[in-house]
Amino acid sequence: MVFVNSSQASNTFGDLNITPRIIAGTNATETYDWMVSLQRGSDTKGWSHFCGGALVASDWVITAAHCLDNVSISNMRLVIGAVTLTDNVSDGEKREIDWYSTHYEYNDSLFFGDVAMVRLSSASTKTPVEPITESEMVGLEQSQSLRILGWGLTEEGGSTTPTVLQEANISYQLPEVCNTTHGDPFIDGQAGLYWSKVMCAGEEDVTEEDAKDACQGDSGGPLLWDDGNEYKLAGIVSWGIGCGTPGAFGGYTRVASYKDWIDQRQTGLTVVGDTKIGFLGYGRKKAADYRLINSGATPHTLISNDLILDTSDTFGLGSSIDGISVNGNSEVTITVNALGSYLGEYDGVLKLNSGGVNFGTRLNSKVLYDLNTNTLGVNWDFYSGTDENTEHSEPWFETSDLEKGLVLRSGGISHGDRSVLLMYVKGPSSGDLYLKFDTKVDAEYSYDNVNNIQKADYLYVIVNETASNSVSVIESGWSTQNIALPDAENQIQFMFFKDDSINNGSDAAYLSNVRVCTSLTDESSCNQLDTWNVVDTSVTRLDDYNGPEYVIKRKGSSGSLAWQLIMLAGLLVLVRSRRERA
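Residues numbered from 1 in each chain as written. Predicted model: local features only at pLDDT ≥ 70, side-chain atom pairs only at ≥ 80, totals over all residues. Heavy atoms only, no water.

## A few points about the side chain of His-66
Then, in step 1: Relative to the helices and strands, His-66 resides in the loop between β6 (60-63) and β7 (76-80).
Then, in step 2: Residue His-66 is classed as buried on the basis of its relative accessible area, which comes to 3%.
Then, in step 3: Within the local environment of His-66, its side chain forms a polar contact with the side chain of Asp-114, the two groups lying 2.7 Å apart. (Helix = DSSP H or I, 4+ residues; strand = E, 2+ residues; numbered from the N terminus. Buried < 20%, exposed > 50% of the residue type's maximum accessible area, 1.4 Å probe, protein only. Polar contact = N/O pair within 3.5 Å; in protein donor to acceptor, adjacent residues only side chain to side chain.)

Shown next, in the form of structure tokens:
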């Protein structure tokens, strides 16, 4: 196997370009039993290191929240206590992930709350590292020596990664120094909060050749303080202005600020589930289930005083959780609904409190326009596009095709974007039922023989967000595709993806002749009845919008309404939209 570091996505911090992240380090001179390598891949295709972490208890690893963005635990593993990353990693333990929890404060633009706890599938026999206490943290002095570890890039912009664990000593910087150097980002409109939960470290007045720093691939790894007897975990590698840039310090999650949250994940309640509830149509709702897990032996009962109350028009609780009891080492399921009251993309927080410590999970939803069209041969509800500048904002629209006549075409998108079309179709009361549709893709298709990679823009169709019930289309000519309708009500997503490569053709997908069939082979079993359409009027439409001129004329208008108070079973879902409203 070849170990290759996978860089995380860049973000902006003030006016500077920052990257989540040892520069000028040496091979490890000690054994760090609790050092962790986060890897993705498989036993057949090989594993690649992409982030670091630290074992803080026999069942628990701590890392940066951004390390777990857009990754699946099904193709991840942890290697604990290794020094050299080789094919067989003989000096480390390999563990799979049971589940993980990122902090509800996590902000992926500012790397605030950039911390996550990972529950191992089986306990490690390695010795954990102890997190630093608040009293120890405030006792650190300016320029006091701290240590960073990692298998990340050893040169900014390079491609060389070490197989041997690297270490370097860097200088602690007081919060006021961090603030003077990098400014004070507002968190929830508050000044002075950022550097109470983020720390910085690095060297002052040094040349680029002498600078020591973390870099890509070191994210999630430890920043250590030596108390004279043992190392303690002071920080988590989070972000940096480049790698080893003179005059700039690296940013680290301040572990002492999250110690209560870290402790409670091991003994208390945790909300676990996908933070992205995903796409839904305007005026509809979409449910997502979350696991409420009790990791301790003591039962916990949620009562009204345990809930933090607020208002929300974009997320709500499926049913009351007041009085729900979660026995020791067990779990229950709770449901959160994304509400299509307003168009656009929304971030929120499902927040609870147990034992005086807040916990919860972030939420995200994307509400799409409704399109009034019978272009596809059916009088159903369709949804596509938003009025925001996002990677899914461009809607499908009507156009003429020489072979099919009037059809729907995916929106005009840029490289790396997607155009999404939603429909909601009923399933069978008995027997099998299929959605059939005619489609084509007029876009890039090529094959990289050197790297053995297919490069193509493509249409991806998925039912109820179940990967096993999906189809990908790259054919340039019209073809008939089908997909099963397994549930009583089914959400079907048509997503045209444009990769980061070349332009070709019209760079679009086309759709025509949607129908429901009881047979895959017999077209006479198909029909386009209105009754297959799933109607949902459970959510009040609160937006007053005028879409782009080329968007199909939409059904009616909801008018301009003020934000409403929705209080559901004492549950707070705190919502911060990405666009401001008056």
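## With respect to the confidence of the model for the chain
Then, in step 1: Confidence along the chain averages 83 in pLDDT terms, with 82% of residues attaining 70 or more.
Then, in step 2: The low-confidence segment residues 1-21 (pLDDT under 50) makes 86 contacts with residues lying over four places distant or belonging to another chain.
Then, in step 3: This stretch, residues 547-582, has a pLDDT under 50; its non-local contacts, to residues over four places away or in other chains, come to 112 contacts. (pLDDT = per-residue confidence, 0-100. Contact = heavy atoms within 4.5 Å.)

## Side note on the state of the cysteines
Then, in step 1: Tallying each qualifying case throughout the model produces 3 disulfides.
Then, in step 2: Residue pairing for Cys-178: its cysteine sulfur links by disulfide to Cys-200, the two sulfurs lying 2.0 Å apart. Sign of the S-S torsion, about -95 degrees for the bond between Cys-178 and Cys-200, identifies this disulfide as left-handed. Here Cys-178 is found in helix α2 (residues 175-182), whereas its partner Cys-200 is found in strand β14 (residues 198-201), with 22 residues between them in sequence.
Then, in step 3: Disulfide partner of Cys-517: Cys-526, at an S-S distance of 2.0 Å. (Disulfide = S-S within 2.5 Å.)

## Here's the deal with the sheet that holds strand β10 (residues 116-120)
Then, in step 1: Pairing in this open sheet of 7 strands is antiparallel, and the strands run β8-β7-β4-β5-β6-β10-β9 from one edge to the other. Whereas interior strands pair on both sides, the edge strands pair on one side only; in this sheet they are β8 (93-95) and β9 (97-102). Averaged over all pairs of adjacent strands, the angle between strand axes in this sheet comes to 35 degrees, irrespective of strand direction.
Then, in step 2: In the packing of helix α4 (residues 259-267) onto the sheet, contacts are made with β5 (46-57), β6, β9 and β10, and the angle to β10 comes to roughly 25 degrees. (Pairing = 2+ DSSP bridges. Axes fitted to C-alpha atoms, helices over the stretch in contact; angles between N-to-C directions.)

## Description of unusual backbone geometry
Then, in step 1: Backbone geometry places Asn-70, a non-glycine residue, at a positive phi of 55 degrees.
Then, in step 2: Assignment of secondary structure puts Asn-70 in the loop between β6 and β7.
Then, in step 3: The backbone phi angle of Asn-329 is positive, close to 55 degrees, even though this residue is not glycine.
Then, in step 4: In this structure, Asn-329 sits in the loop between β23 (325-326) and β24 (330-339).

## Focus on the sheet that holds β24
Then, in step 1: Taken together, 4 strands build an open sheet; the order of strands is β18-β20-β24-β22 and the sheet is antiparallel. On the outer flanks of this sheet lie β18 (269-272) and β22 (315-317), each paired with one strand and no other. Across this sheet, the average inter-strand angle for adjacent strands is 30 degrees, counted without regard to direction.
Then, in step 2: As paired elements, β22 and β24 share 3 bridges and run antiparallel to each other. Paired with Phe-315 across the strands is Ala-338, a residue of β24.

## Examining the pairing of strand β4 (residues 35-42)
Then, in step 1: For β4 and β5, the ladder comprises 8 bridges, and the chain directions are antiparallel. The partner of Ser-37 across the bridge, within β5, is Gly-52.
Then, in step 2: Linking β4 to β5, which pair antiparallel, is a turn of 3 residues.
Then, in step 3: Two strands pair when backbone bridges link them, and β4 and β7 are joined in this way by 5 bridges, in the antiparallel orientation.

## Structural notes on the pattern of salt bridges
Then, in step 1: Counted by the stated rule, this structure contains 22 salt bridges.
Then, in step 2: In this structure, Lys-366 engages Glu-345 in a salt bridge whose closest nitrogen and oxygen atoms are separated by 3.9 Å. A residue pair is termed long-range when its members are at least 10 positions apart, and Lys-366 in strand β26 (residues 357-368) and Glu-345 in strand β25 (residues 344-354) qualify at 21 residues.
Then, in step 3: By relative accessible area, which is 6% here, Glu-345 ends up buried. (Salt bridge = Lys/Arg side-chain N within 4 Å of Asp/Glu carboxyl O.)

## Description of the nonpolar core
Then, in step 1: Core analysis: the biggest nonpolar cluster contains 67 residues, and Trp-380, Met-423, Leu-435 and Phe-494 have the highest contact counts within it.
Then, in step 2: Counting residues in each nonpolar core, the second largest holds 61 residues, with Ala-65, Ala-82, Phe-249 and Ile-293 among its members. (Core = buried A, V, L, I, M, F, W, Y, C linked by side-chain atoms within 4.5 Å.)

## Quick look at the environment of Asp-226
Then, in step 1: Note that Asp-226 resides in strand β15 (residues 222-226).
Then, in step 2: As a C-alpha pair, Asp-226 and Leu-146 span 80 residues in sequence and 7.3 Å in three-dimensional space.

## What about the layout of surface pockets?
Then, in step 1: Taken as a whole, the second largest pocket spans an internal volume of roughly 350 Å³.
Then, in step 2: What lines the second largest pocket is a set of 13 residues, and nearest its centre among them are Lys-285, Lys-286, Tyr-424, Glu-489 and Gln-491.
Then, in step 3: For the lining of the second largest pocket, the secondary structure elements donating two or more residues are β20 (285-294) and β38 (489-497).
Then, in step 4: Per-class residue counts for the lining of the second largest pocket are 4 nonpolar, 3 polar and 6 charged. (1 Å grid on protein atoms, 1.4 Å probe; cavity = no way out; pocket = protein on both sides within 12 Å on 5 of 7 lines; lining within 4 Å. Points joined across faces, edges and corners; volume = space filled by probe spheres on them. Nonpolar A, V, L, I, M, F, W, Y, C, P; charged D, E, K, R; others polar.)

## Section: the environment of Leu-68
Then, in step 1: Residue position: Leu-68 is located in the loop between β6 and β7.
Then, in step 2: Here Leu-68 falls in the buried class, since its relative accessible area comes to 4%.
Then, in step 3: Sequence separation between Leu-68 and Cys-51 is 17 residues; the distance between their C-alpha atoms is 9.2 Å.

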